[in-house]
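A look at the structure
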Amino acid sequence: MTAADPGPAERVLTELFHAYDVRGRAPEVLDETVATAIGAAFADVVGISGGRGSAVLGRDVRVTSPALAAAVAAGITGTGADVLDIGLTATDVVYFASGRLDVPAVMVTASHNAAEYNGLKLCRPGARAIGRETGLGDISAAAGRILAGRVEVAQGVGSVSRLDLLSDYAQCVLGLVPVHGRSLRVVVDAANAMAAVSVPAVFAALDVDLVPLFFELDGRFPNHPADPLDPVNLRELSAAVVDSGADLGLAFDGDADRCFVVDEAGRLVEPSLMAALIAERELARHAGATIIHNAVCSRVVPEVVRAAGGTPVRTPVGHSVIKAAMARHDAVFGGEHSGHFYFRDFWYADSGMLAALHVLALAAGSAHPLSETVAPYRRYTASGEVNSTVPDPAAAIGRVEESYRRSAVTGADGVEAVEVDRLDGVTVATSAWWFNLRASNTEPLVRLNVEADSRAMMEQVRDGVLATLRSDEMKLDPMLLEILVCPACRASLSVDESAGELVCDGCGLAYPVRDDIPVMLVEEARRPDGPPASTDGSA
C-alpha cells in the first residue's frame, strides 16, 4: 500500500476528520469500531492514557449517539484513562465541565447536520480547542494505526462514572451575564435537541415567561432540521413570537452551542448584529479590551468596537482559530457570522446560552422593543451565504480574484480601486461594498458573502461575482440527458446549472457533474436536506 493508495482505515478517517472536528454519516462511516479507535487515540494524544487522568464525555440526542458515546468511552478507558460521563447535554456544558475540572473532553454530536450524521468535538483541558494543526491530525493518525492493527490497545482498564454538572453550569452562566429589569415573554425553539435540556435549567432562575417550541427530545428532528442558519428553519419560531406577543425568540442548533435571535416582529437579528451588540456590552465592562471577529462578519462589528473604545481584530473563520486568537490577544469576546460567540470568562469557548443571556439582559434592561434597539446597527445590506458547486473551487476563486485585481490596477469602469486580501479565502473590498469567497473543506463548494451600502449595490456585486464564479458552465450531451435516470428511484433528472448538478425529479438527490461528466453514484449524491456541513466555523 502506498500513500497514493490508502487503505480502508485511512480512507474512512480522511472522510471523517475535518478542520475542526470529526463528522460523517453514522453508522455508515462513523461506526462504533471507528469511534473506539478515535477514543483511544484521543486519550493518548491529550496525555491521559496509562492511568494519567480522565476525560469528560457528553452526547446529543441523535439516535446513534448512545452507541457512539459508549464506544468512545471504551476507547478511552481501554488506555487506562477514566471517563466522567455527563450524558445528554449541550456542547457548552461539556466546555464548562472541561474548564471547571481542567480535563480534556469529548462531545458526541454532529451539531446542526441532518439526523443521519454524527461526529465528535474534542478539546484539551480548560476547553482548549483541538483543530487540524493542534492535535486533530495526530489523533487521526493514531486512530488509523489502531484500525489498521498496527497498535493494540488494552481493554477495560479505566473506569466510567456519571457526573451531573447542569446546575453548576446554570449558576456559572447566570453569574457571568445577570439578567435584570422587566419581565419578558420569550419563545425558544429547541428543535427537539439539546436546548430542551439546558434552557429549562437556566431559565428557571429568570423572570421569563418561557414559550417552549419543539422541546420533545427526538434525534430524528421531526419538526425541522436543527440548523437555525437556514432561514426556513426559523419560520415556526417567527410565527410563534408574533402569535404569542413575545418580546423575542431564540433558536438553538442541535448541540446548542449556537443561538439565533428574532425580534418581537419575528425578524432575524443577524449574527453579525448580535456580535456588535454583545461586543458593546462587554466593552462597557472591560474598557479598551480586544474583540475578535471573523473575516465574514459585517463591517458594523469593527465599527461598533472602535466607537466603544475597543480594539477589533479580524481573523479567519473557525472555532479553533478564533479561540487561539482570543487567547493570544487576551480578547474578552469573539463573534462569527455563523452564530458562534466566544467568551474569555468562559474559557474562551463558544456558548449559545451566554449569547442568549446577553440578548435577554439587553431586552429586559430596555423599555423599547428589541427591533428599536437593533435598528441603529442595521447599517448595511448583506447577501447571506450563497453557495455554488463548481468543478474546481480553487480555479473558480482564482478567476474571480484575478478579475478584481485587474480592476484594482486599472480602475476599470470608473469604479473605486479595490483592496484584495487572502486572510480567509479571498476578500475584495471598497469603501461601499465587500465580498468574501471561501472554499468548503469537504466538497467542491464555494461560499460567497456580500455586504454593501444598499440593496441595489449588494445585488449588483453579488450577481457579478456569481457570473464570473460560475462561468465554467456544464456542457452536457442532450442525448445523454434523455436517457439518464436516478439510480436510486429511476425518476427523471433536471439540470441545475448554477449548482453544477443533476437533480432527481422524484427523490431529490442531486448528482455532481465533474468535467462535464455526471457522477451517477448514490453515495456521491447530495441529499435534499443538504450535504454534511463544512466545519469551517458553521458547526
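Criteria and thresholds
Residues numbered from 1 in each chain as written. Predicted model: local features only at pLDDT ≥ 70, side-chain atom pairs only at ≥ 80, totals over all residues. Heavy atoms only, no water. Helix = DSSP H or I, 4+ residues; strand = E, 2+ residues; numbered from the N terminus. Rg over C-alpha atoms; globule rule 2.2 N^0.38 Å. Buried < 20%, exposed > 50% of the residue type's maximum accessible area, 1.4 Å probe, protein only. Pairing = 2+ DSSP bridges. Axes fitted to C-alpha atoms, helices over the stretch in contact; angles between N-to-C directions. Parallel < 35°, antiparallel > 145°, perpendicular 65-115°, else oblique. Contact = heavy atoms within 4.5 Å. Nonpolar A, V, L, I, M, F, W, Y, C, P; charged D, E, K, R; others polar. 1 Å grid on protein atoms, 1.4 Å probe; cavity = no way out; pocket = protein on both sides within 12 Å on 5 of 7 lines; lining within 4 Å. Points joined across faces, edges and corners; volume = space filled by probe spheres on them. Phe/Tyr/Trp six-rings, centres within 6.5 Å; stacked < 30°, edge-to-face > 60°. Lys NZ or Arg CZ within 6 Å of the ring centre and 35° of its normal.

**Describing the overall build of the protein chain**
Scanning the protein chain from terminus to terminus reveals 16 helices and 27 strands. Taken over the C-alpha trace, the protein chain has a radius of gyration of 23 Å; the compact-globule value for 539 residues is 24 Å, and the two agree within 12%. The C-alpha extent of the protein chain, read off along each of the three principal axes, is 65 × 65 × 45 Å. Out of the 539 residues in the protein chain, the part that is buried amounts to 55%.

**Some remarks on the pairing of strand E5 (residues 117–124)**
A large share of E5 lies buried, amounting to eight of its eight residues. The alternating pattern of E5 places Tyr 117, Gly 119, Lys 121 and Cys 123 and Asn 118, Leu 120, Leu 122 and Arg 124 on opposite faces, both of which are buried. Summarising the sheet, E5 and strand E6 (residues 128–129) pair through two bridges and their orientation is antiparallel. Each residue of the ladder has a partner; that of Arg 124, found in E6, is Arg 128. From the end of E5 to the start of E6, which pair antiparallel, there are three residues, and Gly 126 there has a positive phi angle of about 75°.

**Section: the packing of helix H4 (residues 91–101) against helix H6 (residues 166–176)**
Contact geometry of H4 with H6 gives a least axis separation of 10 Å together with a crossing angle of 90°. Overall, the two elements H4 and H6 adopt an arrangement that is roughly perpendicular. Together, Asp 92, Val 93, Phe 96 and Arg 100 of H4 and Leu 166, Asp 168, Tyr 169 and Cys 172 of H6 make up the contact between the two elements. By residue class, the composition of the contact of H4 with H6 is five nonpolar, no polar and three charged.

**With respect to the environment of Arg 379**
With respect to the secondary-structure elements, Arg 379 resides in the loop between helix H13 (370–374) and strand E18 (381–382). You can call Arg 379 partly exposed: its relative accessible area is 39%. Placed 106 residues apart in sequence, Arg 379 and Leu 273 show a C-alpha to C-alpha distance of 9.7 Å. Beyond its immediate chain neighbours, meaning those up to four positions away, Arg 379 contacts Val 300, Glu 303, Val 304 and Asp 453.

**Description of empty space enclosed by the protein**
This model, assessed by the stated rule, comprises three cavities of 30 Å³ or more. The computed volume of the second largest cavity comes to approximately 60 Å³. Lining the second largest cavity are Leu 176, Val 177, Glu 282, Arg 285, His 286, Val 332, Phe 343, Arg 344, Asp 345, Leu 354 and His 358. For the lining of the second largest cavity, the secondary structure elements donating two or more residues are helix H9 (271–285) and helix H12 (352–364). Along the lines of polarity and charge, the residues of the lining of the second largest cavity split into five nonpolar, two polar and four charged.

**Re the packing of aromatic side chains**
For the structure on display, the rule yields eight aromatic pairs. Their ring planes at 65° and their centres at 5.0 Å tell us that Tyr 404 and Phe 435 sit as a pair that is edge-to-face. Taken together, the residues Tyr 404 in helix H14 (residues 393–410) and Phe 435 in strand E22 (residues 433–439) connect sequence positions 31 residues apart. Take Tyr 404: its relative accessible area is 15%, and that puts it in the buried class. With a relative accessible area of 0%, Phe 435 lands in the buried category. Feature note: the residues Phe 96, Tyr 169, Phe 346 and Trp 347 constitute an aromatic cluster, connected by ring pairs. Sitting over the face of the ring of Tyr 117, Arg 25 holds its NZ or CZ atom 5.5 Å from the ring centroid. The aromatic ring of Tyr 95 is capped on one face by Lys 323, whose charged end is 4.3 Å from the ring centroid.

In short, shape yes, function no, at least from these values alone.
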